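Geometric and topological summary
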Amino acid sequence: MKVSGEMNGTILKNYTLYNENMQVIVKGIYIEYATLLPLVIIIDLSNNKLSGTIPEELTSLFGLVSLNLSGNHLIGEITEKIGALQQLESLDLSRNNLFGRIPSSMIGLTFLSYLNLSYNNFSGRVPLGNQLQTFTDLSIYAGNPGLCGFPLTQKCKDDGTNQGPNAVGGDEQNDDSMDKERFKMKWNMSTGAGFAIGFWVVFGPLLFNNKWREAYFQLIDQAYDTVYVVLAVIFTRFREHNVRA
């Protein structure tokens, strides 16, 4: 799917066009798609004269891989629902008139490998977590004097020092996201460690102690025999009952 061309006015809600081939800039690289076009889900409306806000309907395109709305006259804030675009790899909203905070929900865009938010009017702390903390190129946020925090040199007012990827602090939304990530990591580590310890506690003695191993298999054989006898008795009684009936 491709959307491109010369346009004026606002972004339309009915924006799906199908072509046999297309040329588009993805992650800053010029690419032409032809034979693989049915597999590509891209919206490129860059360098037009679009105005108004970014419609929330775009966040319903869950398979969207690349979104380029750069070089327009868009205003308003980036919706928190942008985190729903889980397949997004490239996002370019540069050279518009967008403002407000960068949504902390963008931390959830784990496939994102190209980002450009330069030359808007964004303000507040740059969110951290997952892919976002790997974007250390200052040009990504250039032209937004109201932004602060890592990786920018401008400190936030509530910071004693500039915030790095492992720092504690920041705005409430960003802290909540980071706390969730740390909790998940600790939970996974504790679960893995518990499984490993439990495994060796149960099976370790069986591997290194012959007497324990023999006793274990004898216990298994006895349990098997007991179950077999019980099932055989039940089956025999059931068959006798059917014969009498």
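Residues numbered from 1 in each chain as written. Predicted model: local features only at pLDDT ≥ 70, side-chain atom pairs only at ≥ 80, totals over all residues. Heavy atoms only, no water.

**With respect to the pattern of salt bridges**
Rules: For salt bridges, the criterion is a side-chain nitrogen of Lys or Arg within 4 Å of an Asp or Glu carboxyl oxygen. Helical segments are the DSSP runs of H or I of at least four residues, strand segments are the runs of E of at least two, and each set is numbered from the N terminus. Using a 1.4 Å probe on the protein chains alone, a residue whose accessible area is under 20% of its type maximum counts as buried, one over 50% counts as exposed, and one in between counts as partly exposed.
According to the stated counting rule, one finds one salt bridge in the structure shown. When the shortest N-O distance is used, the salt bridge between K81 and E56 registers 3.1 Å. Taken together, the residues span a long stretch of sequence, with K81 in the loop between β7 (73-76) and β8 (90-92) and E56 in the loop between β5 (49-52) and β6 (66-68) at a distance of 25 residues. Given a relative accessible area of 49%, K81 falls into the partly exposed group. Classification of E56 as partly exposed rests on a relative accessible area of 40%.

**Looking at the pairing of strand β9 (residues 97-100)**
Selection criterion: Strand pairing follows a simple DSSP-based rule, namely that at least 2 bridges must link the two strands.
Here β9 shows one buried face, formed by L98 and G100, and one open face, formed by N97 and F99. Relative to β9, β7 is paired through two bridges, and the arrangement is parallel. Bridged to G76 within β9 is L98. With two bridges connecting them, β9 and strand β11 (residues 121-125) associate as parallel partners. Bridge pairing in β11 links G100 to F122.

**Focus: the state of the cysteines**
As a reminder of what qualifies: In this description, a disulfide is simply a cysteine sulfur pair whose atoms lie within 2.5 Å.
Summed over all chains, the structure comprises one disulfide. There is a disulfide in this structure between C148 and C156, and the S-S distance comes to 2.0 Å. As the torsion about the S-S bond is roughly 100°, the C148-C156 disulfide counts as right-handed. Classification of C148 by relative accessible area gives buried; the value is 8%.

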